[in-house]
Each structure stands twice: as structure tokens, then as C-alpha cells.
Amino acid sequence: MNDEIITEEQIYMQDIICKAVQCNPQKSDFEIYNIIYSNLNIGNIQTISTILRLIKLNKQLLLE
């Protein structure tokens, strides 16, 4: 595994995503993304892709 430094912004983003998914597991990924969008500064397509991937991952883990 590669060592990576996780920034404060990435930790905050992950926290927001986890809370949004936990509070809205029945909503679609796009609806959850819209909730997250109002709380984060999303500046590029890579960040959007990361957010959508983390939403899917959190929903899967929540339903297990």
C-alpha cells in the first residue's frame, strides 16, 4: 500500500459524505451528491468522481 498524506479537507469531505449517506440511505446517489454539494467546495471533475465513489462505497457498507 502506498503511503499517502490525507489533508484536512479530504477528512472533512469524507465526514460529510458519511453523514449524508447515513442520514439518507434510501436516496439515490445523485440526491445525496446534491446534499453534499451544498456543504463542500467542489472544484473539479476528479473531486466529483471521488465523491460519487465514496457515496456508493458508504451505501454498500451501510447495507451490509
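Everything below is about the structure printed above this text.
Residues numbered from 1 in each chain as written. Predicted model: local features only at pLDDT ≥ 70, side-chain atom pairs only at ≥ 80, totals over all residues. Heavy atoms only, no water.

(A) Structural context of the overall build of the chain. Secondary structure summary: the chain contains three helices and zero strands in total. Secondary structure elements of the chain occur, N-terminal to C-terminal, as α-α-α. For 64 residues, the compact-globule estimate of 2.2 N^0.38 gives 11 Å, and the chain sits close to it at 12 Å. Viewed in the frame of its principal axes, the chain has a C-alpha envelope of about 35 × 25 × 15 Å. When each of the 64 residues of the chain is scored for burial, the buried share is 27%. Long-range pairs, those at least 24 residues apart, make up 55% of the contacts in the chain between residues at least 6 apart in sequence. Averaging the locations of the 5 positively and 8 negatively charged side chains of the chain gives two centres separated by 10 Å. (Helix = DSSP H or I, 4+ residues; strand = E, 2+ residues; numbered from the N terminus. Rg over C-alpha atoms; globule rule 2.2 N^0.38 Å. Buried < 20%, exposed > 50% of the residue type's maximum accessible area, 1.4 Å probe, protein only. Contact = heavy atoms within 4.5 Å. Lys, Arg positive; Asp, Glu negative; His and termini not counted. Charge placed at Lys NZ, Arg CZ, Asp CG, Glu CD.)

(B) Inspection of helix α1 (residues 8-23) at higher detail. Taking 1.5 Å as the rise per residue, α1 with 16 residues should run 22 Å; its terminal C-alpha atoms sit 23 Å apart, in good agreement. All buried positions along α1 are accounted for by Met13, Ile16, Ile17, Ala20 and Val21. Projection of α1 onto a plane perpendicular to its axis shows the buried side chains occupying an angular sector of 125°, all on one side. Exposed and oriented more than 90 degrees from the buried face of α1 are Glu8, Gln22 and Cys23. Residues of α1 that are buried sit in contact with α2 (29-37) and α3 (45-63). (Expected span 1.5 Å × (residues − 1). Arc of directions from axis to C-beta.)

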